[in-house]
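Chain residues, written in single-letter form:
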Number of protein chains: 2
Amino acid sequence: MRIVVVGGVAAGMSAASRARRQNPAAEVVVFERGDWISYGACGLPYVIGGEVQERRTQGNHVPESTLQDVPDDEFGVLVARTPDQMRGQGVSVRLNHEVLGVDARAATLSVLDRSSGRTVQEPYDRLLLATGVAPVRPDWLPDTLQGVHVLRDIPDAQGIEATLRGGAKRAAIVGGGYIGLEMAEALKRRGLSVVMLEAGPEPAGRMLDPVNRRLVREELERQGIDLRTGVTLEGLSAKDGRVTGVQTSAGRVRADLVLVAVGVRPKVELAQAAGVRLGHTGAVRVNASQQTSVAGIYAAGDNCESLHRVSRRRVHIPLGLTANRMGRVAGVNMAGGEARFPGIVGTGIFRVFDLSVARTGLTQQEADSYGLKAVSADVKSSDHAGYYADARPIWVRLTAEQGSGRLLGAQILGHGDAVKRIDVIAALLHSRASVHDLEDMDLAYAPPFSSVWDVLLVAAGKVKKVMREG
Amino acid sequence: MRIVVVGGVAAGMSAASRARRQNPAAEVVVFERGDWISYGACGLPYVIGGEVQERRTQGNHVPESTLQDVPDDEFGVLVARTPDQMRGQGVSVRLNHEVLGVDARAATLSVLDRSSGRTVQEPYDRLLLATGVAPVRPDWLPDTLQGVHVLRDIPDAQGIEATLRGGAKRAAIVGGGYIGLEMAEALKRRGLSVVMLEAGPEPAGRMLDPVNRRLVREELERQGIDLRTGVTLEGLSAKDGRVTGVQTSAGRVRADLVLVAVGVRPKVELAQAAGVRLGHTGAVRVNASQQTSVAGIYAAGDNCESLHRVSRRRVHIPLGLTANRMGRVAGVNMAGGEARFPGIVGTGIFRVFDLSVARTGLTQQEADSYGLKAVSADVKSSDHAGYYADARPIWVRLTAEQGSGRLLGAQILGHGDAVKRIDVIAALLHSRASVHDLEDMDLAYAPPFSSVWDVLLVAAGKVKKVMREG
């Protein structure tokens, strides 16, 4: 059996690895358009910001002996498995191979070898589309202007690094989502002045309810980020092939580094060529086995929809764990095993300077938009016992279904690992538990770790009160 | 209706406060033997170690205006509600009132007013026994020798503080449980040399499986604690009324501060006088309404058993959250409402120097002792992405029922708040979830917070592997 994977990052490599383990007799081939496979793209802002361990130090997951075939580059630290390691597992990895087309009837791909320039036909028995997402770019954005960047993959990050080493002093970040926020911090750490342009009224708009977006705004302002909201990008100015500023709906901003981070779109060109059905989100629609609508063709990762276990809707929320998990499921199934993707509950987390932000499930706004009768309660408390020396504030917003009290979601903002409490709520969403269940739980207490009544328990009690009051 | 509460700390004050809120017409009286009510006894080691915020600073939960009737003492920081505040809520608090006896038939108490020396009879309609625990002391241990201490309440802590201010240089801690470990750190912070004597083969013996006890031992040794295991206390030496050393099964140890922390026993004298049934643990047996076997008499807090939701057995695990929760339940029920104590899952957490330690459910050893067919898997990983600058090791042991995969317990050791992940497992134990459920969960990932596959997910996968191989 010949299993072919298109795309060698999170979902693709997880799938290849699992497929081979499931069926050691299968031939497993991965076509990757670029030079890099199996890297943690989520780590790019931290490498740029200088927050990574030295390569080859303890705690670095890349064993020294396997680094020989990783390009000598600071981003190599993000590589989890090298082509040689994959070959050692029996997976054939073809770098610089771009899949140009699919013939689903003939079960063949046309593949361009970018180093030789030749295109060949490659057969498959099972095909996985793990093509990921591409950053959204305005149509008019020039491809070649120096200093204008998006951030999705290692070459993007290398481009940003080159602009930084070229002496960039002023950054304009367009978009206040995860990447915009993480890069605001990274660029500030690199000594740049940073202007952030956000089209909406607050940053982090799609992740949080308004009450919590304000905390993100305050943190940005406290850290000296020049945040301009309700402002859109209208054009660029340049001189000698280098960007010199951005034209916005509220005037001109000088900048020698422009990062456009206004969202991503699923890369579905191959899927469409194969006749694969897309969902209402525009991403590939898959079933729980990661099968597409075309026999023999699977899809996994950021290019796919997933089932949201709370809203029971199909959503497109591209994230690293989801992609890896989908890849494993697809790999097992393509190789003849049985695995099911369990769906997601919409968990996300990021850090921006000293503020950690986590969410899971639905925000109040999302629940409202789905027509759910939801109530929310907000609690501000201490992450540790109030009298304990390093107690810091923590904000919890808990959202539940009016009446039943079924948990619908949570947002937690605070410091450091304290917001990892979000996983408790994520687990309860999987179990379809209620605020009544939560309030009864035997959570861990000692003064360095929480108040006697952990803030989650307090929040559960407060939601019950809000429900009673109507 | 007259509701009388014996004991004014966690369970007692929670009950009094809830009872009054449930039934504002009820008379609620609290008899407290000592000078202090409503304080966080769990914080005592941190006050002694100097790890508390200054009184009256931000983050201190005691508002300035209410501190007037708290004795002027560094331990005042632990007081959550003062007698005046309780009186403001309609709860009558009688300090220095010791309840000497109960006549359940007549529904009266005999109460000694320790300031006047008079004993009076006090009637009740509902009685709550919230008498807590007393430290276990060897029979021969003298009461009056200076420098010999237990640590349970504020007067005990004041005694230790006095010994420290008297110039103590060498501490001997007898017992390697929570209190012994927390105090080893506190006394080291105060500049003392510390010898710890533990009768068992490792510290933290009742909380962890052997593989994890070794990590506690290593941390103690790394921090310069002189740990001697398999050693019991046999006697004391003294000079001029002050302790000068301890005689152990392995020779003499010089010490001018001796802390005996070899466990606690439930204070059940009043319960026995009232004819209340005790459980097989020696603590008061209560039902889910916190009622004892005698009509009209309730019990709550450290003197009670609680139902362990995993083992379905009655256990005696005295902890702060449990006590507060039992108190609330008792308070509501005594005042005519309806509330049920949900049971516990055996969650505990402590910090000893740089090592944070958490557990929930059953250890493998506990599961074995109950005749459960259990398997465990150990994972050592990073608390954050391996390449991220502050990634530190984390150890997870997950225990599940062979076959079904039902989660039975977890132990997590690591740094800082990373071990608060234990609450995810605690929540899943409440839901009777399995390792299969856990492995499917959408937990939060970004490099500053976890690996793509959070260590809990990795551990779930490893348990499944052990089950298959087992």
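Residues numbered from 1 in each chain as written. Chains lettered and ligands numbered in written order. Predicted model: local features only at pLDDT ≥ 70, side-chain atom pairs only at ≥ 80, totals over all residues. Heavy atoms only, no water.

A. Here's a closer look at the overall build of chain A. Regarding its fold elements, chain A presents 12 helices and 25 strands. Rg of the C-alpha trace for chain A: 23 Å, near the compact-globule value of 23 Å for 470 residues, within the 12% margin. C-alpha extents for chain A along the principal axes are approximately 70 × 55 × 45 Å. Nonlocal contacts in chain A, meaning residues at least 24 apart in sequence, comprise 62% of its contacts between residues at least 6 apart. Within the structure as shown, chain A displays about 17700 Å² of accessible surface, and the carbon and sulfur contribution to it stands at 45%. (Helix = DSSP H or I, 4+ residues; strand = E, 2+ residues; numbered from the N terminus. Rg over C-alpha atoms; globule rule 2.2 N^0.38 Å. Contact = heavy atoms within 4.5 Å. Areas by Shrake-Rupley, 256 points an atom, 1.4 Å probe, with all protein chains shown as cover.)

B. Quick look at the relation of the copies chain B and chain A. For the pair chain B and chain A, the best superposition has an RMSD of 0.1 Å and corresponds to a rotation of 180 degrees with a translation of 0.0 Å parallel to the axis. What we have between these two chains is a two-fold relation. Of every C-alpha in chain B, the one belonging to V424(B) sits nearest the axis of rotation, 2.3 Å from it. (Least-squares fit on C-alpha atoms with pLDDT ≥ 70 in both.)

C. Highlighting the pattern of salt bridges. Here the structure, examined in full by the defined rule, presents 56 salt bridges over all chains. One salt bridge connects R222(B) with E219(B), and the closest N-O pair in it is separated by 2.5 Å. Placement of the pair is R222(B) and E219(B) together in helix α6 (residues 210-222), with a separation of 3 residues, close to one helical turn. Its relative accessible area of 58% is what places R222(B) among the exposed residues. D423(B) is paired through a salt bridge with K420(B); the nearest N and O atoms lie 2.6 Å apart. K420(B) shares its class with D423(B); the two are buried. Each of R2(A), E27(A), R94(A) and E122(A) takes part in one network of salt bridges that share partners. (Salt bridge = Lys/Arg side-chain N within 4 Å of Asp/Glu carboxyl O. Buried < 20%, exposed > 50% of the residue type's maximum accessible area, 1.4 Å probe, protein only.)

D. Here's a closer look at helix α8 (residues 320-334) of chain B. Its 15 residues place the ends of α8(B) 21 Å apart at the C-alpha level, agreeing with the 21 Å of an ideal helix rising 1.5 Å per residue. The positive-phi residue at the C-terminal boundary of α8(B) is G336(B), with phi of around 100 degrees. (Expected span 1.5 Å × (residues − 1).)

E. Examining the packing of aromatic side chains more closely. Taken as a whole and assessed by the stated rule, the structure comprises 4 aromatic pairs over all chains. Summarising the aromatic geometry, the rings of Y46(A) and Y388(B) are spaced 5.5 Å apart at their centres and angled 85 degrees between planes, so their arrangement reads as edge-to-face. Placement of the pair is Y46(A) in helix α2 (residues 44-49) and Y388(B) in the loop between β23 (374-382) and β24 (393-401), with the two residues belonging to separate chains. Over the ring of W453(B) we find R328(A), and its NZ or CZ is 3.8 Å from the ring centre. (Phe/Tyr/Trp six-rings, centres within 6.5 Å; stacked < 30°, edge-to-face > 60°. Lys NZ or Arg CZ within 6 Å of the ring centre and 35° of its normal.)

F. Spotlight on the sheet that holds strand β5 (residues 108-113) of chain B. All names here are of chain B. An order of β4-β5-β6 is seen for the 3 strands of this open sheet, with the pairing classed as antiparallel. Edge positions in the sheet fall to β4 (97-103) and β6 (118-123), since each has one partner strand and no second. Here the average twist between neighbouring strands, direction ignored, is 25 degrees. With 6 bridges connecting them, β4 and β5 associate as antiparallel partners. Within β5, the position partnered with V102 by the bridge is L109. (Pairing = 2+ DSSP bridges. Axes fitted to C-alpha atoms, helices over the stretch in contact; angles between N-to-C directions.)

G. Main features of the packing of helix α1 (residues 10-22) of chain B against α8(B). Residues and elements named next belong to chain B. At a closest axis distance of 7 Å, the pairing of α1 and α8 adopts a crossing angle of 30 degrees. The handedness of the crossing between α1 and α8 is right-handed. Mapping the contact onto sequence places A10, A11, S14, A15, R18, A19 and Q22 in α1 and A323, N324, G327, R328, G331, V332 and M334 in α8. Split by residue class, the contact of α1 with α8 holds 7 nonpolar, 5 polar and 2 charged. (Left-handed = near helix turned anticlockwise from the far one by under 90°. Nonpolar A, V, L, I, M, F, W, Y, C, P; charged D, E, K, R; others polar.)

H. Main features of the side chain of R351(A). Considering the arrangement of structural elements, one finds R351(A) in strand β21 (residues 348-352). Its relative accessible area of 11% is what places R351(A) among the buried residues. Within the structure, the side chain of R351(A) is placed 3.0 Å from the side chain of E51(A), a separation counted as a polar contact. Of note is the side chain of R351(A), whose polar atom sits 2.3 Å from the side chain of Y388(B). With residues near it in sequence (within four places) discarded, R351(A) still touches Y46(A), E51(A), E182(A), E185(A), R189(A), S356(A), Y388(B), P448(B) and F449(B). (Polar contact = N/O pair within 3.5 Å; in protein donor to acceptor, adjacent residues only side chain to side chain.)

I. Expanded view of empty space enclosed by the protein. Evaluated as defined, the whole model comprises 4 cavities of 30 Å³ or more. Taken together, D417(A), A418(A), K420(A), R421(A), D423(A), V424(A), D417(B), A418(B), K420(B), R421(B) and V424(B) form the lining of the largest cavity. Each residue belonging to the lining of the largest cavity can be placed in one class, and the counts come to 4 nonpolar, no polar and 7 charged. In this structure, the second largest cavity spans a volume of roughly 80 Å³. Lining the second largest cavity, in full, are L319(A), G320(A), L321(A), T322(A), T347(A), G348(A), I349(A), D442(B), L443(B), A444(B) and Y445(B). The set of elements that each furnish at least two residues to the lining of the second largest cavity consists of α8 (320-334) and β21 of chain A. (1 Å grid on protein atoms, 1.4 Å probe; cavity = no way out; pocket = protein on both sides within 12 Å on 5 of 7 lines; lining within 4 Å. Points joined across faces, edges and corners; volume = space filled by probe spheres on them.)

J. Main features of α6(B). For α6(B), with 13 residues, the first-to-last C-alpha span of 18 Å sits near the 18 Å given by 1.5 Å per residue. Within the span of α6(B), buried status applies to N212(B), R213(B), L215(B), V216(B), R217(B), E219(B) and L220(B).

K. How the structure looks around the pairing of strand β24 (residues 393-401) of chain A. All names here are of chain A. Note: strand β23 (residues 374-382) against β24, 9 bridges, orientation antiparallel. Opposite A377, over in β24, you have L398 as the bridge partner. Inspection of the sheet shows β24 paired to strand β25 (residues 407-414) by 6 bridges, in the antiparallel sense. Each bridged residue has a counterpart across the sheet, and for R397 the counterpart in β25 is Q411. The turn linking β24 back onto β25 is made up of 5 residues, and G403 within it adopts a positive phi angle of 95 degrees.

L. Examining the interface of chain B and chain A more closely. Opposite the 64 residues of chain B that make contact, chain A presents 63 residues. Surface buried jointly by chain B and chain A totals about 5700 Å² across both partners, of which 60% is contributed by carbon and sulfur atoms. Taken as a group, Y387(B), D442(B) and F449(B) account for 15% of the area that chain B buries against chain A, more than any other trio of residues on that side. Taken together, chain B and chain A are joined by 2 salt bridges. Between D454(B) and K420(A) there is a salt bridge whose closest N-O contact spans 2.6 Å. (Buried area = accessible area lost by both parts, 1.4 Å probe.)

M. Structural view of the nonpolar core. L398(A), L438(A), L398(B) and L438(B) are the most contacted members of the largest nonpolar core, which totals 88 residues. If near-sequence neighbours (up to four positions away) are discounted, L438(B) is found in contact with L398(B), L407(B), I425(B), L428(B), L456(B), L457(B) and A460(B). (Core = buried A, V, L, I, M, F, W, Y, C linked by side-chain atoms within 4.5 Å.)

N. Spatial organisation of the sheet that holds strand β10 (residues 170-174) of chain B. Across the sheet, 5 strands lie side by side as β9-β16-β10-β11-β12 (chain B); this open sheet has parallel pairing. The two strands at the open ends of the sheet, each matched to only one other strand, are β9 (148-149) and β12 (226-229) of chain B.

O. Quick peek at the confidence of the model for chain A. Looking at chain A as a whole, the pLDDT averages 94, with 96% of positions reaching at least 70. Low pLDDT, under 50, characterises residues 56-68 of chain A; the predicted model gives this stretch 21 contacts beyond four residues in sequence or across chains. (pLDDT = per-residue confidence, 0-100.)

P. Spotlight on the pairing of strand β14 (residues 242-248) of chain B. All names here are of chain B. Relative to β14, strand β13 (residues 233-239) runs antiparallel, the two being bridged by 6 bridges. Residue pairing across strands places A238 opposite V243, the latter belonging to β14. Turn length for the β13-β14 hairpin, with the two strands adjacent in sequence and antiparallel, is 2 residues, and the turn residue D240 shows positive phi of about 55 degrees. Summarising the sheet, β14 and strand β15 (residues 251-254) pair through 4 bridges and their orientation is antiparallel. When the sheet's bridge partners are listed, V246 is paired in β15 with V253. The antiparallel pairing of β14 with β15 creates a hairpin that spans 2 residues between the two strands.

Q. Expanded view of the packing of helix α10 (residues 422-430) of chain A against helix α10 (residues 422-430) of chain B. Put simply, α10(A) and α10(B) touch, their axes get as near as 8 Å, and they point 25 degrees apart. Taken together, α10(A) and α10(B) sit at an angle that is classed as roughly parallel. The way α10(A) lies across α10(B) gives a crossing that is right-handed. Residue-level inspection shows D423(A), V424(A), A427(A) and L428(A) of α10(A) in contact with α10(B), the latter providing D423(B), V424(B), A427(B) and L428(B). Per-class residue counts for the contact of α10(A) with α10(B) are 6 nonpolar, no polar and 2 charged. (Parallel < 35°, antiparallel > 145°, perpendicular 65-115°, else oblique.)

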